[in-house]
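Take a look at the letters that make up each chain.
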Amino acid sequence: MTFDPTDHWQRIYAEKAPDSVSWYQRSPIRSLSLIHAHKSAAPCHVVDIGAGASNLVDHLLDSPAFEPWLIDISTCALDITRARLADRAARTHFTTADITQPLTDPPAHWADLWHDRAVFHFLTTDKAIKAYARNLARTLKPGGVAIIATFAPDGPAKCSGLEVRRHDAPSIQAALAPTIPLTLLTEAREDHTTPSGAIQKFTYAILRRAPTP
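Residues numbered from 1 in each chain as written. Predicted model: local features only at pLDDT ≥ 70, side-chain atom pairs only at ≥ 80, totals over all residues. Heavy atoms only, no water.

**Student:** Give me the lowdown on helix α1 (residues 5–15), citing residues and values where you can.
**Tutor:** By the burial criterion, the buried members of α1 are His8, Trp9, Ile12 and Tyr13. End-on, the buried residues of α1 take up no more than an arc of 120°, which puts them together on one face. Exposed side chains of α1 directed beyond 90 degrees from the buried face belong to Ala14 and Glu15. At its buried positions, α1 is contacted by α4 (75–85) and β7 (162–163). Two to three positions downstream of the cap, the backbone nitrogen of Thr6 sits 2.9 Å from a side-chain oxygen, assigning the N-cap of α1 to Asp4. (Buried < 20%, exposed > 50% of the residue type's maximum accessible area, 1.4 Å probe, protein only. Helix = DSSP H or I, 4+ residues; strand = E, 2+ residues; numbered from the N terminus. Arc of directions from axis to C-beta. Contact = heavy atoms within 4.5 Å. Polar contact = N/O pair within 3.5 Å; in protein donor to acceptor, adjacent residues only side chain to side chain.)

**Student:** If you had to explain the packing of aromatic side chains to someone new, which residues and values would you point to?
**Tutor:** Under the definition given, this model contains seven aromatic pairs. Aromatic side chains Trp114 and Tyr132 sit 5.5 Å apart centroid to centroid with 80° between the ring planes, which places their arrangement in the edge-to-face category. Taken as a pair, Trp114 in strand β4 (residues 111–117) and Tyr132 in helix α5 (residues 126–139) lie far apart in primary sequence, 18 residues in all. Here Trp114 matches Tyr132 in class, with each residue buried. Residue Tyr132 is classed as buried on the basis of its relative accessible area, which comes to 0%. Three or more aromatic residues link up through ring pairs in this structure, and these residues are Trp9, Tyr13, Trp23 and Phe122. The aromatic ring of Phe94 is capped on one face by Arg82, whose charged end is 4.2 Å from the ring centroid. A cation over a ring is seen here: Arg117 above Phe202, with NZ or CZ 4.7 Å from the ring centre. (Phe/Tyr/Trp six-rings, centres within 6.5 Å; stacked < 30°, edge-to-face > 60°. Lys NZ or Arg CZ within 6 Å of the ring centre and 35° of its normal.)

**Student:** So what's going on with the sheet that holds strand β2 (residues 66–72)? Residues and values would help.
**Tutor:** With mixed pairing, the seven strands of this open sheet are ordered in space as β3-β2-β1-β4-β5-β9-β8. The sheet is open, and its two borders are formed by β3 (93–96) and β8 (182–193), each paired with just one other strand. Geometrically, the sheet is characterised by an average inter-axis angle of 15° between neighbouring strands, direction not taken into account. Bridging between β2 and β3 involves four bridges; their strand directions are parallel. By the bridge assignment for β3, Trp69 is matched with His93. Packing against the sheet, helix α2 (residues 29–38) makes contact with β1 (44–49), β2, β4, β5 (140–151), β8 and β9 (199–209), and its axis sits at approximately 10° to β9. (Pairing = 2+ DSSP bridges. Axes fitted to C-alpha atoms, helices over the stretch in contact; angles between N-to-C directions.)

**Student:** Please give an account of the pattern of salt bridges that cites residues and values.
**Tutor:** Overall, the coordinates contain nine salt bridges when judged by the stated rule. A salt bridge links Asp126 to Arg165; the shortest N-O distance between them is 3.5 Å. With Asp126 in helix α5 and Arg165 in the loop between β7 and α6 (169–176), this pair connects stretches of sequence that are 39 residues apart. Residue class for Arg165 comes out partly exposed when judged on its relative accessible area of 27%. (Salt bridge = Lys/Arg side-chain N within 4 Å of Asp/Glu carboxyl O.)

Spelled out as structure tokens, the structure:
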């Protein structure tokens, strides 16, 4: 049977509570600190790739400094977030899309910040990584910052029943470089505790796109 990523993630979000999935964070402290540290506009346009039902957007909407755009392959996940946000959903953009297919939203070079926690490590083929990189190049402004978090080299080899490709920050940069050269600003680590109490090792790569000459 051919694997269908849309069906897989639809089923995950239909069958599991948002706070029971392994990547759940009650407060996404590391992502928020990095986003605040690298915001460069007012409002700062933040694209959250693989947003799922994460509450990162709730925290961003606590400040008028951010305009979020959520992208996920699962309509179910985005519907959960939309319902949770209630009236505040009107201040948020939602797009259902597979990041390995060409994006049509948001507009080209809309994003000041590209945030991805735990999507990139699911890209296990060069073809998928190149497609992701093309979408990043299309969406991120010159001078913008990409924050990409994956399982670290000593992190899990699987997630949600799927094989992953683990990275350190230089390998994230190198994987994207043929399509979109990025300067590695810094690397951060995180020990994420899952709802079941397991520890997952994460790498965060903070990368800047060169400004327009």
